[in-house]
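Commentary on secondary and tertiary structure
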Amino acid sequence: LLSFPTRRSSDLIDEKLKNHLSTLQGPQGPMTLVGLAGTVTTLSSIDQKLSPYDPNKIQGAVLSQNSVKEIIRKLKERNLEEKKKMTGIDRKSVV
């Protein structure tokens, strides 16, 4: 990975996703989403501050919406080198 999206491009992606998701019909109230591989396992690893990465602790882990929002906020604030130093990011190639 040679670079990371700029804050502006990241904000534009967020806006487009929010607009798209707001048009979808679905159940009202809290929802449970299930994720696997890459991004969601890295988010869980960061949330649990895993070092080294442990797939056994990722399997079945639960991330709250607030945790995901906080992790994303922190990632947006940091440059690539700072992201690599975050506890839970032992899989540097996915940052």
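The notes below deal with the structure included here. Please read these numbers as outputs of a predicted model, since none were measured by experiment. (Residues numbered from 1 in each chain as written. Predicted model: local features only at pLDDT ≥ 70, side-chain atom pairs only at ≥ 80, totals over all residues. Heavy atoms only, no water.)

**Here we look at the overall build of the protein chain**
Along the backbone of the protein chain there are five helices and zero strands. Put simply, the protein chain runs from its N terminus to its C terminus through helices and strands in the order α-α-α-α-α. Burial analysis of the protein chain (95 residues in total) assigns 19% to the buried set. (Helix = DSSP H or I, 4+ residues; strand = E, 2+ residues; numbered from the N terminus. Buried < 20%, exposed > 50% of the residue type's maximum accessible area, 1.4 Å probe, protein only.)

**Structural notes on the pattern of salt bridges**
What the rule picks out here adds up to four salt bridges. Note that Glu 70 is salt-bridged to Arg 73, the shortest N-O span being 2.4 Å. On the criterion of helical spacing, the pair formed by Glu 70 and Arg 73 is a turn pair, its members being three residues apart in helix α4 (residues 65-77). Judged by its relative accessible area of 32%, Glu 70 is partly exposed. When its relative accessible area of 36% is taken as the criterion, Arg 73 is described as partly exposed. Bridged by salt links that share partners, the residues Asp 11, Asp 14 and Lys 76 form one connected network. (Salt bridge = Lys/Arg side-chain N within 4 Å of Asp/Glu carboxyl O.)

**Things to note about a nonpolar patch on the surface**
A contiguous nonpolar patch, built from Ile 13, Leu 17 and Leu 21 and spanning about 290 Å² of accessible area, is present on the exposed surface. The residue Leu 21 is located in helix α1 (residues 7-22) in this model. On the accessibility criterion, Leu 21 (51% relative accessible area) is exposed. (Patch = residues over 30% accessible without salt bridge, like charges linked within 9 Å, V, L, I, M, F, W, Y side chains within 5 Å. Areas by Shrake-Rupley, 256 points an atom, 1.4 Å probe, with all protein chains shown as cover.)

**Let's talk about the nonpolar core**
By size, the foremost hydrophobic cluster in this structure holds six residues: Leu 43, Ile 46, Ile 71, Leu 75, Met 86 and Ile 89. Looking at this core, the elements with two or more residues in it are α2 (38-48) and α4. (Core = buried A, V, L, I, M, F, W, Y, C linked by side-chain atoms within 4.5 Å.)

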